[in-house]
Structure formats: C-alpha cells, structure tokens
Amino acid sequence: SVSKLSFIENHINALIFEGVSCSHPLTVRASYPEKVKRGTLIHELGHRLLVGNNIKVSGLDRETGQRESHKYLNLILVDIFTDLYGNDFAREMIAVESARRPFYRVAWEWALALSRTERAQKFLALQKGDPIELSPEQELEAREAIRQASETIVAEIAQLRSLFAPKPPENS
C-alpha cells in the first residue's frame, strides 16, 4: 500500500541458500538471522516490484546505477519496514543494509533526509517518469544537451531573421 503498485508476476520462486541475496532470481542468504532474512526478502521483492512496473535506472555505470536504484527503492522501503514491523525493525534493517556496502549507506542517508511525505512525492514523480535527482554525470550531459539546443535555436533564429529582413530598395 505504500507504493500503490502491484506485482506483475503471479508466482515468484525463491531460493534460500548460502550466497548473495538477489532479486532476479529471488534469493536470500540462509545464514542471516530470521529478522534479517525477512528484511532482505522485503528489500529484494521491492526491487522486483519496481522493475516490474518499469521504475528502474539505465545508462549508468554499475556502481552509480546500484546507488540510484537503491535510492528509488528506499523511497518506499523505509515506510514498508515501519508499517509492517515498526520503527525498531526499520532502524535495525537500515543499519544492517548501511553496513553492507557504501552505496547502500549513501542511498539510505538520501532517503532518510526526506520526510515520509517528501518520499511519497518523489516516488510519485518516479511513477510518472520524472527524474527525482540527476547524478553529476547526468547533470553535465543535460547541461551540454541544453547548450547544444540553445546554439541550434540561435542559429535558426538568425537564419529566419535574414529571410525576413527588409530588403534595401532597388535603384531603377
């Protein structure tokens, strides 16, 4: 109910084994304590929910893509954790995930700097296809695209002016 999305899959097979947890295929590490398995399962299902609803990042290097996809996920994950199991569970899962890899910590810090309402607004923007935040690389690309478009428009305006400029009177 936090995301207002539905799973597109009717059946999802999951594997509990001693390996890295992942959303595709859905796997959860066997040696995790029960509470962490629960949180990890919710996390990985969250990825599947987003990807199934075409909310994903693309065109970024692996590390940037992972950080950005976890920002998207964390917009709803903190509230899902809280709604299902309370604030203590949410805090514990955030601490566990933040300790795993630096991009998890960065994504959590970003999401937690927002209020629940702000997270919901950003998530709604994602559903509409609006970017929630540009990476430095994306911002540079956007600025360059805008600069090139501006130059093209200025050149086209100059050409139009020359076409419609008053012509000097002809001497007869």
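As the structure is a prediction and not an experimental result, all values here were calculated from the model. (Residues numbered from 1 in each chain as written. Predicted model: local features only at pLDDT ≥ 70, side-chain atom pairs only at ≥ 80, totals over all residues. Heavy atoms only, no water.)

A. Main features of the packing of helix H1 (residues 34-52) against helix H2 (residues 62-85). At a closest axis distance of 10 Å, the pairing of H1 and H2 adopts a crossing angle of 130 degrees. In terms of axis orientation, H1 runs oblique to H2. Along this stretch, H1 crosses H2, giving a crossing that reads as right-handed. Residues Arg38, Gly39, Ile42, His43, Gly46, His47 and Leu50 of H1 pack against Ser69, His70, Tyr72, Leu73, Ile76, Leu77, Ile80, Phe81, Leu84 and Tyr85 of H2. (Axes fitted to C-alpha atoms, helices over the stretch in contact; angles between N-to-C directions. Helix = DSSP H or I, 4+ residues; strand = E, 2+ residues; numbered from the N terminus. Parallel < 35°, antiparallel > 145°, perpendicular 65-115°, else oblique. Left-handed = near helix turned anticlockwise from the far one by under 90°. Contact = heavy atoms within 4.5 Å.)

B. Region of interest: the pattern of salt bridges. Following the criterion strictly, the structure yields 11 salt bridges and no others. Of the charged contacts in the structure, one is a salt bridge between Arg48 and Glu9, with a shortest N-O distance of 2.3 Å. Taken together, the positions of Arg48 in helix H1 and Glu9 in the segment before strand S1 (14-17) put the pair 39 residues apart, joining distant regions of the chain. On the accessibility criterion, Arg48 (11% relative accessible area) is buried. You can call Glu9 partly exposed: its relative accessible area is 26%. Close ionic contact of Glu18 with Arg29 constitutes a salt bridge, the shortest N to O distance being 3.2 Å. On the criterion of sequence distance, the pair formed by Glu18 in the loop between S1 and strand S2 (26-29) and Arg29 in strand S2 is long-range, its members being 11 residues apart. For Arg29, a relative accessible area of 23% puts it in the partly exposed group. Among the ionic contacts, a cluster of salt bridges with common partners joins Asp79, Asp83, Arg116 and Arg119. (Salt bridge = Lys/Arg side-chain N within 4 Å of Asp/Glu carboxyl O. Buried < 20%, exposed > 50% of the residue type's maximum accessible area, 1.4 Å probe, protein only.)

C. Spotlight on the nonpolar core. Formed by 24 residues in total, the largest nonpolar core has its most connected members in Leu50, Phe81 and Phe123. Breaking this core down by element, the ones donating at least two residues are H1, H2, helix H3 (87-100), helix H4 (102-112) and helix H5 (116-127). With 8 residues, H2 is the single largest residue contributor to this core. In contact with Leu50, other than residues within four places in its own chain, are Leu5, Ile55, Tyr72, Leu73, Ile76 and Phe123. (Core = buried A, V, L, I, M, F, W, Y, C linked by side-chain atoms within 4.5 Å.)

D. Just the side chain of Asn74, in detail. Secondary-structure assignment places Asn74 in helix H2. When near neighbours in sequence (up to four residues on either side) are disregarded, Asn74 contacts Ala107, Trp108, Ala111 and Arg119.

E. Examining the packing of H3 against H4 more closely. At a minimum axis separation of 6 Å, H3 and H4 run at an interaxial angle of 140 degrees. The angle between H3 and H4 falls in the class oblique. Touching Ile94, Glu97, Ser98 and Arg100 of H3 are Tyr104, Arg105, Trp108 and Leu112, all from H4. Taken together, the residues that form the contact of H3 with H4 break down as 4 nonpolar, 1 polar and 3 charged. (Nonpolar A, V, L, I, M, F, W, Y, C, P; charged D, E, K, R; others polar.)

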